[in-house]
Every structure is written in C-alpha cells, then in structure tokens.
Amino acid sequence: MLDKFVMAPPDPILGLTEAFLKDSNPDKINLGVGVYKDNFNKTPIFKTVKKAESILLEKEQTKSYLPISGSQEFCDLVQQLVLGKNSPCIQEKRIATVQTAGGTSALRVFADLIRTNTEIKKIWMSNPTWENHGKIFQLAGFETESYPYYNAETHDLDWDKMISTIEAIPEGDILLLHGCCHNPTGIDLNKEQWTTIANIVKEKRILPLIDFAYQGLGDGLEEDALGVRIIADIVPEVFICSSFSKNFGLYNERCGALIGICSDYDTCQKVLSQIKVVIRTNYSNPPAHGAYIVQTILGSNELRNEWEKEVEEMCTRIKNMRNLFVEKLKEKGITQDFSFIEKQRGMFSFSGLKKEQVLRLREEFSIYIVNSGRINVAGITTTNIDRLAEAISKVL
C-alpha cells in the first residue's frame, strides 16, 4: 500500500544543518539554522532556566497530565508579557490563551480552529516569510497568497506595494504578520506603519494573525511588543502565536502559546472551547516542563529581573555582530554597501548574497547559508567573522 510514496525533499534549513554536520572542515560555519549562538558558538542554557529547574526539581510532586489548555498560571503570565498587564482585552476578560507545543504548534492549532469553525479559506503572508508558514496552512486546507514585503534593490521594506496589496485583501481573509524581527529579512514595521495596518484590518474586517517568535531579540521585550499591542488595542479580533524557544532558550522543550482576542467575553469562551477540541484531537495536552520554567521565572521578581538582563545581553550581542560584520566587510576591501544589515533587527538578515554566491561559500569555504541569502547573525562570532568576511569578498 505504501509503494507509491516518493522521497520528500529535505527541509531547506534543517537539511542544511544535516549537510553542515557531515562536513569535516574544522573551520566550518553554520549561519543557516535559526538558533541563537553565543560568542563561543554554543547555544547556552539561561542561568535563570537552571535556577528555575532547581526549584522545580525540589518542589515537583507529580508527572500527571496538564489540562488541555495547559498551565493556567503560565497562560496568565504569558498574556501579560505579550500584551502588558494593563491591556484592555485582559482587563475586560475577552482573551483566551492556551499553552502549545512550541510556536509552530500554535500556528497549526490556529489553522485547524479557523478551518473547522469558519468559512475562511485564504491566508495572506509576506513575501518572503518563514519557510514553514505556507506548508502549515496548506496542509490545513487553506489557500495561501502573498503580499509584497521586501525590496531587493533597496534592501528595505517595500511599504507602498505592501500596503496597497493589504488594502485590496477581501473581507474575511487572514493576514499573517511578523510581530518583530521579521524572518527572514530582519526588517520590521515602525509605529505609524503598524497603526496604518491595524486601521485597515479593522475597517476591512480582516482577521490578523501575528507570529511573535522573537520578543526581546530586536530592541527589547517591551519595544518588540509595540506592533502586537497596537493591533490588539485597535482590532477587536486578533490571534497571536508566541514561542519561548529563543527568548528563554527552550528549543527542545517545545514551549509556546496561542492567544485569541475576541470582541466580548462570551465569544471568547466559545472560541476557547473550540481551541480545546483542536488540541484534544491533536496532542491532547501540552508538555509541562518548559511551561513550568517560564512561569517560575515570570512569577518571581528576582528571577524575572535576572532573565530580562539575559535577554538584553542576547539582543546587544546580535546588534554588535551586525555592526562588526559590516565593518569587517569594509576592511576586506568590499565596496558594495552592506550598511542595511545594521538597520535590520533580530537574528536574521537578508544579506543580499545571490544563490550562486551562497553555493560557492558552501562548496569552497564550508560556510552554510540558506539559498535565499538569509543569514543567522547570531551564528557570527568574533572568532569566525574574519574568515566569513574574507570568504564573502572572494565570491562577490
């Protein structure tokens, strides 16, 4: 019965990591996978995570299932982190938050929720966007469309084309937005642009979905939440997918959340009940350990303050690597302007490198970059940056 199966192509990012691991070059560099690295090229465990785990180990008394929607304390703390303690939708109790198995799971739960409870059939996402976005929604039965986002000539936001396309989106469709640290371009919206989009979405009755995977890694925890909060304050119905892989370093714990904002309390309770149906028939209930770590840190003033400093250090290191990278490219005699990299935010950057240049970097120098030219800036260190800049100078 399985004879007609065909071999699936490798994941463009995870497949790149597999190739990197097989490479025997001791000086190889991996700038493909979206994982934070410190200056020693390690993905560290946060000190606050270790402290939280020690507390949990001492106090833990059961391994029983969590509720379908996850830990309620986790959900309460997360929605405050994302929207702020004084958010009107929290105060008015028109918000439904559930714990999910990572941010990817939050996206899929949303997709199944909308597909089985509404007539919505189409979702619009930025061009480009995270590679997995389209696949998640296509497998859930949605039609996918794109709106312009990146201008390759200016290495900047293609705002005019973007907003004119959004204005033409039919009523009732979904608009997928990146909350901050846009993946893969690193180009974010400013306050005025967020407000413009929020008003259009409200007027045209479009359902906004915000993928919020990098809070804290752009300009700071509060600063990065600006766009999400503008949308939530203006638009009566919003969904937000959060991930705690990056800003807590909990990659393998698969810890995320889906936040649904509704127009009133009663609607919110109905939506929550249907979210639980989706989760129950998918993975039944979420894993506990990562959520307990997050709620232990966010629920302690001492641990939270220490965690915020750790996130700030990550954010600062990424910005410093952006600046140093641009300087090193100039030092190698490259006259092409790469200053746009300094203006981008978060872990990722559209470097402007072409596919043939990326392939040469991989084949000749064991430097692994996604074919689109997207690089993970957090993979650059003070020890590999000279070799990286030198190699780029030879393929340009």
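Calculation rules
- Residues numbered from 1 in each chain as written.
- Predicted model: local features only at pLDDT ≥ 70, side-chain atom pairs only at ≥ 80, totals over all residues.
- Heavy atoms only, no water.
- Phe/Tyr/Trp six-rings, centres within 6.5 Å; stacked < 30°, edge-to-face > 60°.
- Helix = DSSP H or I, 4+ residues; strand = E, 2+ residues; numbered from the N terminus.
- Buried < 20%, exposed > 50% of the residue type's maximum accessible area, 1.4 Å probe, protein only.
- Lys NZ or Arg CZ within 6 Å of the ring centre and 35° of its normal.
- Salt bridge = Lys/Arg side-chain N within 4 Å of Asp/Glu carboxyl O.

J.: Requested: an account of the packing of aromatic side chains, with residues and values cited.
T.: Here the structure, examined in full by the defined rule, presents ten aromatic pairs. Both rings, one in phenylalanine 74 and one in phenylalanine 244, keep their centres 5.8 Å apart while their planes meet at 85 degrees; by these two values the pair is edge-to-face. A residue pair is termed long-range when its members are at least 10 positions apart, and phenylalanine 74 in helix H3 (residues 72-83) and phenylalanine 244 in the loop between strand E9 (238-243) and strand E10 (256-261) qualify at 170 residues. Judged by its relative accessible area of 1%, phenylalanine 244 falls in the buried class. Pairing phenylalanine 248 with tryptophan 307 gives two aromatic rings, centres 4.3 Å apart and planes at 15 degrees, and the pair type is stacked. One end of the pair, phenylalanine 248, is in the loop between E9 and E10; the other, tryptophan 307, is in helix H13 (residues 301-331), and 59 residues separate them in sequence. What makes tryptophan 307 buried here is its relative accessible area of 0%. Three or more aromatic residues link up through ring pairs in this structure, and these residues are Phe74, Phe244, Phe248 and Trp307. It is lysine 28 that lies over the ring of phenylalanine 20; its NZ or CZ is 4.6 Å from the centre. The positively charged end of arginine 115 is found above the aromatic ring belonging to phenylalanine 142, 5.8 Å away from the centroid.

J.: Could you give me a rundown of the pattern of salt bridges, with the residues and numbers involved?
T.: This structure, assessed with the given rule, holds 17 salt bridges. Note that arginine 229 and glutamate 222 form a salt bridge whose closest N and O atoms lie 2.7 Å from each other. A relative accessible area of 47% places glutamate 222 in the partly exposed class. Residue arginine 304 is joined to glutamate 308 by a salt bridge in which the shortest nitrogen-to-oxygen separation is 3.0 Å. Separated by four residues within a single helix, arginine 304 and glutamate 308 lie in helix H13, roughly one turn from each other. Given the relative accessible area of 30%, glutamate 308 is considered partly exposed.

Geometry only, nothing functional implied.
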